[in-house]
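What follows is each chain in one-letter form.
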Amino acid sequence: DSNAGCSIDAIKTENIFYSLAVSGQYIIRVDLYSACSVTENINYEVLVEGCDVMQTVTGSFLPQEADFGSAGSGREVLVVNVNCNGYLAKGTVSYMTPMSRFNPLGSVVRVVDAAGNELGTSEVERDVTDARRGVYSVSYEPTDVDSAVYVEFLSTNNKIKVTDHSEVNTHVYRVTSEIVPSAEVMATRDVVINTDDGSGAFHIMVTLTRGLPLYLSYGGQVADYPRIANWENGKYAKGTDNSASYFYGGTIYVGGHETDPDQFDDSVLLHEFGHLINARTGAVITGGGPHDGSPITPNFAFSEGYATYLGQKVIGNLVYCDGWCSDLSNLADRYLGTTAANDASSGDISEFLVASVAFKLDDQIGLGALMRQSLTDPNKLLLEANYNRLGTLNAVDFSDMVSIVVCPLDAAQRNPSSVLLNDNDLPWIQEVDFCA
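Residues numbered from 1 in each chain as written. Predicted model: local features only at pLDDT ≥ 70, side-chain atom pairs only at ≥ 80, totals over all residues. Heavy atoms only, no water.

K.L.:
Even after reading the chapter, I still don't get the pattern of salt bridges, so can you show me in this structure?
P.N.:
Taken as a whole, this structure holds 10 salt bridges when the rule is applied. Between Arg101 and Asp130 there is a salt bridge; the shortest N-O distance is 2.7 Å. Of this pair, Arg101 sits in strand β6 (residues 101-102) while Asp130 is found in the loop between β9 (125-126) and β10 (134-140), placing the two residues 29 residues apart along the sequence. Ionic pairing is found between Glu232 and Lys235, a salt bridge with its closest N-O pair at 3.0 Å. A relative accessible area of 19% places Glu232 in the buried class. Under the relative-accessibility criterion, Lys235 is labelled partly exposed at 42%. (Salt bridge = Lys/Arg side-chain N within 4 Å of Asp/Glu carboxyl O. Helix = DSSP H or I, 4+ residues; strand = E, 2+ residues; numbered from the N terminus. Buried < 20%, exposed > 50% of the residue type's maximum accessible area, 1.4 Å probe, protein only.)

See below:
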């Protein structure tokens, strides 16, 4: 009884314990018996914890609300239904990258016994006090209270899973807490997933999950989102003898070799995600490339550049980071208007030029909306005709590239005023009317 008889003791804490946990409905009330000499609002915070429940509620009283109440008096602040037939494992979790630590939001968390039996499962949620870490709470029923148990985190959620290179059966990455000797002492376990423990798998999972809203906006469905990304720390992407990442057959393969690890490169991961959207829209998928900004054939440049544009659209800027963001070059600053942007003699262009222009067009005419609209258009003028047109070209100059992206083939449907770019935006463009 803190502050008993208005003798202020500065403890500011009172606890009510039930020595025997009993399942059922509990009503929690807070009563201001006396305000003593306090004239400002009197704040309270109530933590209810036990069995499968952990909730906090806050509020305040006005001094005049003091009632000198008896048993049952007070303000009802919470009603909880408690199940004490099982146990509760809870705590925080975060994963490390070379730059910082992050929250493995949505990843599956399980309580497992020594025999490998799953006793309960849940998902990691965001910690409202620290966005860089997650919180979890798993109710479980042990088969034997004396059996050793542990908490296990899996690199999967209800949208995507990240697996290793196993030849027979691929496996999601699993990171565990320390093993405790019995279910009765599990309680709170805080876990940090380090890079050596497979934190890259969790970063891949979280990063690719960020792309889902854009994927859905292009007409994709959650059910056909790429369910698998394949990666292994210190190894080449599966099926390659170099460190390149790639998209093939609905799976994103991520290079993890020490010479160029991609597991923490959001731009690289989301570039491959961009190819997923290209596949969803029926676009031609080229065979990949070095991604160094050098001029390449136009159909190559469009396929790769548009994937880069889509990935950077998820990130929200044009800063394409490879090598764990050691290269902070801005696409527009580095490639637009430079000699690396195009080759006048061959008509080849840089994929980064395409990505930069796509960003510019998206700002001015809503290119993303235009592409999405074409998916529902029975004629699919923009999408099918222009992709097919690109596939037949060996060389085009940049102005032709822009017209292919934004201009319908039917002259009657052209509206040049809606797609024109400013000479100050693209100073090497001489044409005034692209669609003409």
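K.L.:
What am I meant to see in the sheet that holds strand β16 (residues 246-248) here?
P.N.:
Each strand in a sheet pairs with its neighbour through backbone hydrogen bonds, running either in the same direction (parallel) or in the opposite one (antiparallel). Ordered by their spatial adjacency, 4 strands build an open sheet running β12-β15-β17-β16, and the pairing between neighbours is mixed. Looking at strand neighbours, the two that pair on one side only are β12 (161-163) and β16, the edges of this open sheet. Here the strands of the sheet are splayed against their neighbours by 25° on average, with no regard to which way each runs. Pairing of β16 with strand β17 (residues 251-254), which is carried by 3 bridges, proceeds in the antiparallel orientation. (Pairing = 2+ DSSP bridges. Axes fitted to C-alpha atoms, helices over the stretch in contact; angles between N-to-C directions.)

K.L.:
Just to check I follow, could you spell out the side chain of Thr92 for this structure?
P.N.:
By the element assignment, Thr92 lies in strand β5 (residues 87-96). For Thr92, a relative accessible area of 16% gives the class buried. In this structure Thr92 touches Asp127, Arg133, Gly134, Val135, Tyr136, Arg189, Asp190 and Val191, once residues within four positions along its chain are discounted. (Contact = heavy atoms within 4.5 Å.)

K.L.:
Help me understand the state of the cysteines in this model?
P.N.:
By definition, a disulfide is the covalent link that joins the sulfur atoms of two cysteine residues. Applying the stated criterion to the full structure yields 1 disulfide. With its sulfur 2.1 Å from that of its partner, Cys6 forms a disulfide with Cys36. Since a negative S-S torsion denotes a left-handed disulfide, the Cys6-Cys36 link at about -90° is left-handed. Of the two residues, Cys6 sits in the segment before β1 (24-30) while Cys36 sits in the loop between β1 and β2 (42-50), which places them 30 residues apart along the sequence. A residue is classified by how much of its surface remains accessible, and Cys36, at 33% relative accessible area, is partly exposed. (Disulfide = S-S within 2.5 Å.)

K.L.:
Where do I start with the sheet that holds strand β11 (residues 149-154) in this structure?
P.N.:
Spatial strand order, β8-β7-β11-β13: 4 strands in an open sheet with antiparallel pairing. Both edges of this open sheet fall to β8 (118-123) and β13 (174-176), since each of them pairs with a single strand only. Averaged over all pairs of adjacent strands, the angle between strand axes in this sheet comes to 25°, irrespective of strand direction. Sheet topology places strand β7 (residues 108-113) next to β11; 6 bridges connect them, and they run antiparallel. Bridge assignment links Val109 to a residue of β11, and that residue is Phe153.

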